[in-house]
Amino acid sequence: MYLEELKRTGDFLTLTRNNEFHLPAQQFTLSNGTQVDVIDTGVIQFTPAQYGLKDIVLSSAIHGNETAPIEICDELIQSIIKEQLTLKHRVLFIFGNPKSINIRERFVEENLNRLFNGTHAQGDIENEERKRAANLERYVTAFFTSVEAGRYRCHYDLHTAIRGSKNEKFAVYPFLHGEPWKKSQLQFLLACGVNTVLMMRSAATTFSYFSSRQFGADAFTVELGQVKPFGQNDMSRFAKTKETLTALISQDDINFGEFNSGDYELFQVHRTINRTQEDFTFPFADSAENFTGFAKGELLATDGETRYLAEVEGEAIIFPNANVALGQRALLTVIPMEVDERFV
Ligand SMILES: O=C(O)CCC(=O)N[C@@H](CCC(=O)O)C(=O)O
Ligand SMILES: [Zn+2]
């Protein structure tokens, strides 16, 4: 049994990495009254004896090689189990894809972050990532719905980007189907050191879209910098993020002060370009950064016979990846937008 070791070290990450696909559920209570439920490998829930009004999901390692968020969550989990940090709210931590952490890859067979919102059950493909997406959906559903209705819900799915970015940290605000965007969420992200937010304009199969759409959670994919192996992250660059996540889970509320629209760089998605052909290329180098803008008419991508040219002046590239599976997103383009009446 693993509980004694976990209680002693708080090292849920190592326990997760040593159990790539499954871990039997176990439970114990800290001396401060917080209940600890290990639900599965990489999935651990904390329930303070007298919990506040927020239900908070913090996920990382949905892509296994994105290590900085894993290190942040590992540190938070260890401080909670060692009782150096006392929680105010219910929190569910998720290390998404343990095997992909161990092999230091984005995924093993299939990109986990394209399998949510039921996509894991489409077609007749079976693999560990599909099983994991189904299980993670069940765990998040149970977490949000096993308490009284009407509570506040949020989910921050923490990632790092493959490329460098002109705006080092940025967040993806999933499509809200016409609901207003929240200034308070921009303020939260800013406190995390994230001043740049992209507004999606369509449904997605990502983890953050799942929590947003199914549970009305304030949910975001948060890109905290560039992918690096364990041990090569400069953790000082994540100090604000860790501090703000700590405040989120350990305080009733966070006071952000006055909202100032000038603090933010906002973008809306202009279009999504999918790879449909084996022969898919970008005209720019691997070193081209996210948010690089192109002049109207410049070539953005070539998909077989189709050439995609920038449609508007300054159309900027996000997440270019020519190696995605056929049918998947190879590039997002964005254009700037302002805070307006669609924000509350
Ligand atoms: O840098 C890249 O190309 C990918 C970084 C990453 O994993 N981003 C997420 C964004 C999810 C979203 O659109 O909300 C992803 O591609 O899954
Ligand atoms: Zn990622």
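What counts as what
- Residues numbered from 1 in each chain as written.
- Chains lettered and ligands numbered in written order.
- Predicted model: local features only at pLDDT ≥ 70, side-chain atom pairs only at ≥ 80, totals over all residues.
- Heavy atoms only, no water.
- Helix = DSSP H or I, 4+ residues; strand = E, 2+ residues; numbered from the N terminus.
- Buried < 20%, exposed > 50% of the residue type's maximum accessible area, 1.4 Å probe, protein only.
- Contact = heavy atoms within 4.5 Å.
- Areas by Shrake-Rupley, 256 points an atom, 1.4 Å probe, with all protein chains shown as cover.
- Lys, Arg positive; Asp, Glu negative; His and termini not counted.
- Charge placed at Lys NZ, Arg CZ, Asp CG, Glu CD.
- Donors = N, O, S within 2.8 Å, 3.2 Å for Na, K, Ca; no water.
- Salt bridge = Lys/Arg side-chain N within 4 Å of Asp/Glu carboxyl O.
- pLDDT = per-residue confidence, 0-100.
- Domains from an automatic or database assignment.
- Buried area = accessible area lost by both parts, 1.4 Å probe.
- UniProt positions renumbered as here; feature names shortened; annotations may be inferred.
- Polar contact = N/O pair within 3.5 Å; in protein donor to acceptor, adjacent residues only side chain to side chain.
- Near = heavy atom within 4 Å.
- Nonpolar A, V, L, I, M, F, W, Y, C, P; charged D, E, K, R; others polar.
- Pairing = 2+ DSSP bridges.

Visitor: What is the right way to read the overall build of the protein chain from this model?
Guide: When helices and strands are counted, the protein chain shows 8 helices and 16 strands. Dimensions of the protein chain along its principal axes, counting C-alpha atoms only, are 65 × 50 × 40 Å. Counting across all 344 residues of the protein chain, residues that qualify as buried make up 55%. A fraction of 74% describes how many contacts in the protein chain between residues 6 or more apart in sequence connect residues 24 or more apart. Split by element, the accessible area of the protein chain, about 15,000 Å² in all, is 46% carbon and sulfur. Distance between charge centres in the protein chain, computed from 34 positive and 46 negative side chains, equals 1 Å.

Visitor: What should I look at first to understand the coordination of the zinc ion (ligand 2) in this one?
Guide: For a metal bound by four donors in a tetrahedral arrangement, the ideal donor-metal-donor angle is 109.5 degrees, while six donors in an octahedral arrangement ideally sit at 90 or 180 degrees. Here the zinc ion (ligand 2) is held by the protein donor atoms His63 (ND1), Glu66 (OE), Glu66 (OE) and His159 (ND1), which lie 2.0 to 2.3 Å from it. The sequence motif formed by the donor residues of the zinc ion (ligand 2) is H-x2-E-x92-H. Here His63, found in the loop between β4 (54-60) and α3 (67-81), pairs with His159, found in strand β6 (residues 152-161); they are 96 residues apart in sequence, far enough to count as distant. Looking at His63, the relative accessible area reads 3%, which means it is buried.

Visitor: Which parts of the structure should I look at to understand the pattern of salt bridges?
Guide: Between side chains of opposite charge, pairing is possible as soon as their charged atoms come close. Applying the stated criterion across every chain, the model contains 21 salt bridges. Between Lys54 and Asp253 there is a salt bridge, with the nearest N and O atoms lying 3.1 Å from each other. Taken together, the residues Lys54 in strand β4 and Asp253 in the loop between α8 (239-250) and β10 (265-274) connect sequence positions 199 residues apart. Owing to a relative accessible area of 12%, Lys54 belongs among the buried residues under this scheme.

Visitor: Before we go on, may I ask you to explain the confidence of the model for the protein chain in this structure?
Guide: Looking at the protein chain, the pLDDT average stands at 97 and 100% of residues meet or exceed 70. The ipTM for the predicted assembly is 0.97, set against a pTM of 0.98.

Visitor: Would you explain the domain arrangement of the protein chain in this entry?
Guide: Much of the literature gives interface size as the accessible area that the parts lose upon coming together. According to the domain assignment, the protein chain consists of domain 1 (3-261) and domain 2 (271-334). A straight line from the C-alpha centre of domain 1 to that of domain 2 covers 29 Å. Counting residues at the interface gives 15 residues for domain 1, matched by 17 residues for domain 2. Sorting the residues of domain 1 by area buried against domain 2 places Arg114, Arg163 and Lys166 first, and these three jointly supply 47% of that buried surface. Viewed at the interface, domain 2 and domain 1 are joined by 2 salt bridges.

Visitor: What should I look at first to understand the UniProt feature "active site" (unreviewed entry) in the protein chain in this one?
Guide: Under the local residue numbering, the UniProt record ascribes the feature "active site" (unreviewed entry) to Glu223. According to the relative accessible area criterion, Glu223 is buried, its value standing at 5%. Those residues in contact with Glu223 that lie beyond four places of it in its chain are His159, Thr160, Ala161, Glu168, Lys169, Phe170 and Phe319. Reaching out from Glu223, the side chain makes a polar contact with the backbone nitrogen of Ala161 at a distance of 3.3 Å.

Visitor: Just checking my understanding: could you explain the site of ligand 1 for this structure?
Guide: Residues in contact with ligand 1 amount to 15 residues; listed here are only the nearest, Asn113, Arg114, Ile162, Thr221 and Glu223. Here Glu66 contributes a side-chain N or O atom positioned 3.4 Å from an oxygen atom of ligand 1. Thr221 is positioned such that a nitrogen or oxygen atom in its side chain is 2.6 Å from an oxygen atom of ligand 1. Within the complex, the protein chains bury 98% of what would otherwise be the 430 Å² of accessible surface of ligand 1. If you list the elements that add at least two residues to the shell around ligand 1, you get β6 and β9 (218-226). Ranked by the residues each element gives to the shell around ligand 1, the list is headed by β6, at 3 residues. Residue composition of the shell around ligand 1, by class: 4 nonpolar, 6 polar and 5 charged.

Visitor: Hey, could you run me through the pairing of strand β3 (residues 43-47) in this one?
Guide: Within a regular beta strand, the side chains point alternately toward one face of the sheet and then the other, so they alternate between its two faces. When you tally the buried positions in β3, you get 5 out of 5 residues, the bulk of the element. By the alternation rule, side chains of β3 split into Val43, Gln45 and Thr47 and Ile44 and Phe46, which are all buried. Inspection of the sheet shows strand β2 (residues 35-40) paired to β3 by 5 bridges, in the antiparallel sense. By the bridge assignment, Val38 is partnered in β3 with Ile44. In this structure, the hairpin formed by β2 and β3 is closed by a connection of 2 residues, where Gly42 is found at a positive phi of approximately 75 degrees. Sheet topology places β3 next to strand β5 (residues 90-95); 4 bridges connect them, and they run antiparallel. Across the sheet, the residue bridging to Gln45 is Leu92, located in β5.

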